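Examination of the molecular architecture
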Amino acid sequence: MRPTRRSAGLRLPGSNEGCALAREFTDRVLGEWELDGCRDDALTVVSELAANAVLHGRKKDTPDDADCDVWLRLTRRAAHLVCAVTDQGDSLPRTPRAPDAFSEHGRGLLIVEALSLHWGWTRLTPSHKTVWAMLATGGA
């Protein structure tokens, strides 16, 4: 019997702990939804989206040590899984491009783009945005 719940969400702390909680939550929910086929890609995508939200998702006037407001939402559709992370940053995601070979940052959205069918962002308010990615689940 498959769970009837189609959506699951979690508030994340705006720290590295939030990224770990996002992965654990995603792993647990996908297990409940029996979506093992997209688990590895979903864990990677959620990790990248959560890391970007923690790194870039603060309001400009928020101190670095203050907790930022980050939310993860997973939505199961007939043949897709949507992974969405909302933060309160006012900067918008940049179109992925290959970073300098020696750069330690800048590959996250390239990874998201490579693993997802579609990805994008939605501005919710002037100070909140959601970055999302849609993954195939193999369902019909």
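Residues numbered from 1 in each chain as written. Predicted model: local features only at pLDDT ≥ 70, side-chain atom pairs only at ≥ 80, totals over all residues. Heavy atoms only, no water.

Some details on the overall build of the protein chain
Applicable threshold: Numbering of helices and strands starts at the N terminus; helices are DSSP runs of H or I of at least 4 residues and strands are runs of E of at least 2. Burial classification: accessible surface area is computed with a 1.4 Å probe over protein chains only, and a residue below 20% of its type maximum counts as buried, one above 50% as exposed, and the rest as partly exposed. Any two residues whose heavy atoms approach within 4.5 Å at even a single point are treated as in contact. Shrake-Rupley sampling with a 1.4 Å probe provides the accessible areas, and residues are treated as covered by the protein chains on show and by no other component.
Per the secondary structure count, the protein chain includes three helices and five strands. Tracing the protein chain from N to C terminus, the helices and strands come up as β-α-α-β-β-α-β-β. Expressed as a percentage of its 140 residues, the buried residues of the protein chain come to 41%. Restricting to contacts in the protein chain with at least 6 residues of sequence separation, those with at least 24 account for 65%. Within the structure as shown, the protein chain displays about 8000 Å² of accessible surface, and the carbon and sulfur contribution to it stands at 53%.

Focus: the pattern of salt bridges
Oppositely charged side chains may form a pair once their charged atoms are brought near each other. Here is the rule we go by: The salt bridge criterion pairs a side-chain nitrogen of Lys or Arg with a carboxyl oxygen of Asp or Glu, the two atoms within 4 Å.
Scanning the model with the defined rule gives five salt bridges in all. Among the ionic pairs, R39 bridges to D27, the shortest N-O distance being 2.8 Å. Here D27 lies in helix 1 (residues 16-32) and R39 lies in helix 2 (residues 39-56), a separation of twelve residues in the sequence. The partner of D87 in a salt bridge is K129, and the shortest N-O contact between them spans 2.7 Å. Of this pair, D87 sits in strand 3 (residues 80-87) while K129 sits in strand 5 (residues 128-136), and the two are 42 residues apart along the sequence. You'll find D87 and K129 in the same group, each marked buried. What you see here is one network of salt bridges that share partners, running through D27, D36 and R39.

Points about the nonpolar core
As a rule of thumb, nonpolar side chains are buried together in soluble globular proteins. Our working rule: In plain words, nonpolar cores are sets of buried Ala, Val, Leu, Ile, Met, Phe, Trp, Tyr and Cys residues tied together by side-chain atoms within 4.5 Å.
If you look at the biggest cluster of nonpolar residues, it comprises 29 residues, and the most contacted ones within it are W33, L72, L74, L81 and C83. Ranked by residues supplied to this core, first place goes to helix 2 with seven residues. Excluding its chain neighbours within four sequence positions, the residues that come into contact with L72 are A8, G9, L10, L12, A22, F25, T26, V46, A84 and V85.

Points about the side chain of T130
Threshold: For this analysis, a polar contact is any N or O atom pair within 3.5 Å, provided that within protein one partner can donate a hydrogen and the other can accept it, and provided that sequence-adjacent residues contribute only side-chain to side-chain pairs.
Among the structural elements, T130 can be located in strand 5. Overall, the relative accessible area of 10% leaves T130 in the buried class. Of note is the side chain of T130, whose polar atom sits 2.6 Å from the side chain of T86. Setting aside its immediate chain neighbours within four residues, T130 contacts A84, V85, T86, G120, W121, T122 and L124.

Some remarks on the packing of helix 1 against helix 2
We apply this condition: Convention adopted: a line fitted to C-alpha atoms gives each axis, helices being fitted over their contacting stretch, and angles between N-to-C directions are expressed from 0 to 180 degrees. Roughly parallel covers angles under 35 degrees, roughly antiparallel covers those over 145, roughly perpendicular covers 65 to 115, and oblique covers all other angles. For any helix crossing, the convention is left-handed if the near helix is rotated counterclockwise from the far helix by under a right angle, and right-handed if that rotation is clockwise. Three categories are distinguished: nonpolar for Ala, Val, Leu, Ile, Met, Phe, Trp, Tyr, Cys and Pro, charged for Asp, Glu, Lys and Arg, and polar for the others, with Gly belonging to the last.
Look at helix 1 against helix 2: their axes get within 9 Å of each other, and the N-to-C directions meet at 150 degrees. Our classification of the angle between helix 1 and helix 2 gives roughly antiparallel. The element helix 1 and its partner helix 2 pack so that their crossing is right-handed. Touching C19, A22, R23, T26, D27, L30 and G31 of helix 1 are R39, A42, L43, V46, S47, A50, A51 and V54, all from helix 2. Class assignment for the residues of the contact of helix 1 with helix 2 results in nine nonpolar, three polar and three charged.

Any functional reading would require information beyond the geometric quantities listed.
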